[in-house]
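The residues making up each chain are set out below.
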Amino acid sequence: MELFLQTIIDGLLIGGLIIIVGIGFSLCFGTMHIVDFAVGEWVMLGAYAGYLMVRTFGHDPMIYLPVIFVIFFAVGWLVYPLIFRAVSGKRHNPVIMGLVFTFGLSIIAKGGALSVWGYHIQSITTWLSGKSISIGLVTVPALRFSGFLFGLVVTLLFMAFLYKTKFGIIIRATAQDRDTANLLGTDVRKVGAFVYSLYAGVTGMSGVLIGALFSIHAAMGAKYSILAFFVVVLAGMGYVPGVLVAAIVLGLLQSFVTVYIGGRYTLAALFLVMYGVLLITPKGILRRGI
Amino acid sequence: MKRLGIFALITVAILMVGYAQAQEKRDFFKVGVVTSLSGELAFGGTVTKRGYDMWEDAVNAAGGIDIAGKKYKVKLVYADDQSTPATAAVGTERLITQEKVDFILGPYASGPTLALAPICEKYKMPHITGSAESPLIWVKKFKYTFGTIPPVNLGPRSAIQTLAQDVTPKPQSIAILGIDDAFSKFSAEAMKAAAEKAGLKVLKYEIVPEGSDYTPSVTAIKSLKPDIFAMGNHEKAAIEMIKIAKELKFNPKAYVQHYGMSTPDFRKGLGKDMEYVYGISYWTENMKIQSSGLFKNPKEYADAIRKKFNVDPDYTEAGCTGAGLAFQEAVRAIKAAPPLTDAQKDALIGALEKLDIVTFYGRIKFATEGDFYHSNAGLESVTLQYQGGKLVEVGPPKTRVAAPKYPAPTWDKR
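Trainee: Please clarify how the domain arrangement of chain B should be interpreted in this entry.
Mentor: How big an interface is tends to be stated in terms of accessible area lost as the parts join. Residues and elements named next belong to chain B. In terms of domain boundaries, chain B breaks down into domain 1 (28-151 + 287-364) and domain 2 (156-281 + 381-413). A separation of 30 Å is found between the C-alpha centroids of domain 1 and domain 2. Each side of the interface is counted separately: domain 1 has 13 residues, and domain 2 has nine residues. Secondary-structure elements contributing two or more residues to the side of domain 1 that touches domain 2 are helix 4 (110-123) and helix 5 (135-139). The element that contributes the greatest number of residues to the side of domain 1 that touches domain 2 is helix 4, accounting for three residues. Among the residues making up the side of domain 1 that touches domain 2, the classes are represented as seven nonpolar, three polar and three charged.

Take a look at the structure:
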């Protein structure tokens, strides 16, 4: 019983980590139709940013989360015009162009990080590191739980923003029909830049949490890029609320397969589920994607 | 006319290449190095690079390799395998066919080494790896490949033996978690074999893919309450697994890890949580070895590494420098001046097989038969443990500096 309950908790908390990586990615894809291959590299750069701030100024990395959001928002704002150029104009297949362009960005980020910060494996510690709460039979690691809460809050904020504010409506209108939104006076480029910056900011912040949980190195992003793609396929391409459900399904799947079948079958199980979803319900498990 | 021009150009080019080949004359040894300078294994690749560079520096500072009274310097030419086997193979081919190196010093990891070795067979190019430990390399019986670090199946057993024989109360059970790569899973397998031999009950033995979230695996192991939690992996996964064990309040009586616990990243990544972790090594700077070659003893070597690179050396650096020393002695034995001819390269293999030297790194004596063909049979592993922030030798009894601390206190009592 203890093992079963702990497996559920592990699964939920792994799901929480997948949410924080997948949520911005899904927003970016859902509204701007940009498949950002560099999502894992934003995580990696966020982790390094946290590491550098701790090394330079000291204190707990958690207090730098807002600063990192602002920095990554600004970087996203600067990068977006390049992506916009790659995906607009007379290109035959803008989605593929975006994919190729961001793939290039990911390689530059990875290579750059390796050149600047080297090959060493870095770690950051927060006041929550190594702490956990025992509830009945289960142990809940504090840092992972905070990541889960962070993912939950960000998803709710994104949803409130998209569905309850005027700017959210503008974003959704742009996502639905870019040309008409443009004709109605929306600055499509600015909307895109805002969404991309928001995504970069949130993903950068998630990097600090992930870096504190695991370890920081230049190649750490690849795994999160794959997870982000998994979650978006499962959630339904671009359906933001679906990320929550999909990430938890992925987390639980990973946890249960590892504990009850064997760790070596986890990736196979994940791929099987992803192929199954693509074959049976290509719009995601909630059938709400595009 | 145009065709004639192209024909003439090609002819000139061929003649020039032939001329260049005929002119290949050097008064130094050109040594190819294939290792991981980028990608996932760049950390370890750089450790090997330090070891190889140290050998190059030391041998050149001593004037070079003495061949029949004349000294020839050494020049290393690197090829980055980008942490992938395919690139290791391409890099090796380039070093052999274009750079025309005399011999090759091999990669950090076993995967790239397994891709490099067949290329060396094809071109009959002598190769010593100063780092790779997978037994898969040796069972293939490559004629041109040697290694200074014993195979991983022989390594972790000293740590398990120390725990099974030298601590009280005697541990009864063990759970082993390994990573699925050419090295780590054999490290895990060696732990399992040693545990079974020592009469420990193996409660779980699991191999998981690299890069996955190890939390559920550690949860499954925690539920079995083993006395020993053993990990076959590299430093990154080791750091993460111990972090997870702490988060889950998993309190085994001993942690065993191979390879990576002796690296600076492990110490920095875990801080105080590294205390009580066991590991193994083939070499430490405290070992009492006297050598007549370059570096008189382990301490002198460790000081040289610290002076040049500002890091404490691990056995991988020492093994890589040892690989250079093995070549140096073998090439001196056959009195072959650079560049080496094909016949001399073959003679070098014979000399390496006959080699039996004691260096600062310990004894180098390559096996010439059996499943560990051409791996170093001259060394035995020692058991290490973190005690008071320092790595100390806790076994086997003849090399022990301090008694093993067992059981490890629970996380809330540290």
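Trainee: What exactly am I supposed to notice about the sheet that holds strand 8 (residues 201-208) of chain B here?
Mentor: In sheet architecture, strand pairing relies on hydrogen bonds along the backbone and comes in two forms, parallel and antiparallel. Residues and elements named next belong to chain B. Strand order across the open sheet formed by seven strands is 8-7-9-10-11-14-15, with mixed pairing between neighbours. Of all the strands in the sheet, the pair left with one neighbour each is strand 8 and strand 15 (390-395). Strand-to-strand twist in this sheet, taken as the mean axis angle between neighbours without regard to direction, amounts to 25°. Note: strand 9 (residues 228-232) against strand 10 (residues 254-258), five bridges, orientation parallel. Looking across to strand 10, one finds that Ile-228 is bridged to Ala-254. Strands in contact with helix 8 (residues 215-222) are strand 7 (173-179), strand 8 and strand 9; relative to strand 8, the strand with the most contacts, it is inclined by about 170°. Each of strand 7, strand 9 and strand 10 touches helix 9 (residues 235-247); the most contacted strand, strand 9, lies at about 155° to it.

Trainee: Looking at this structure, I do not really get the sheet that holds strand 6 (residues 145-147) of chain B. What am I missing?
Mentor: All names here are of chain B. With mixed pairing, six strands are arranged side by side in an open sheet as 2-3-1-4-5-6. Edge strands, defined here as strands with exactly one partner in the open sheet, are strand 2 (65-67) and strand 6. Across the sheet, the axes of successive neighbouring strands diverge by a mean angle of 30°, strand direction being ignored. Pairing of strand 1 (residues 28-35) with strand 4 (residues 103-105) involves three bridges; the strand directions are parallel. When the sheet's bridge partners are listed, Val-31 is paired in strand 4 with Phe-103. Packed on one face of the sheet, helix 3 (residues 85-97) meets strand 1, strand 3 (70-80) and strand 4 and runs near 145° to strand 3. The strands touched by helix 12 (residues 315-333) are strand 2, strand 4 and strand 5 (127-129); relative to strand 2, the strand with the most contacts, the crossing angle is about 15°.

Calculation criteria
- Residues numbered from 1 in each chain as written.
- Chains lettered and ligands numbered in written order.
- Predicted model: local features only at pLDDT ≥ 70, side-chain atom pairs only at ≥ 80, totals over all residues.
- Domains from an automatic or database assignment.
- Contact = placed C-beta atoms within 7 Å.
- Helix = DSSP H or I, 4+ residues; strand = E, 2+ residues; numbered from the N terminus.
- Nonpolar A, V, L, I, M, F, W, Y, C, P; charged D, E, K, R; others polar.
- Pairing = 2+ DSSP bridges.
- Axes fitted to C-alpha atoms, helices over the stretch in contact; angles between N-to-C directions.

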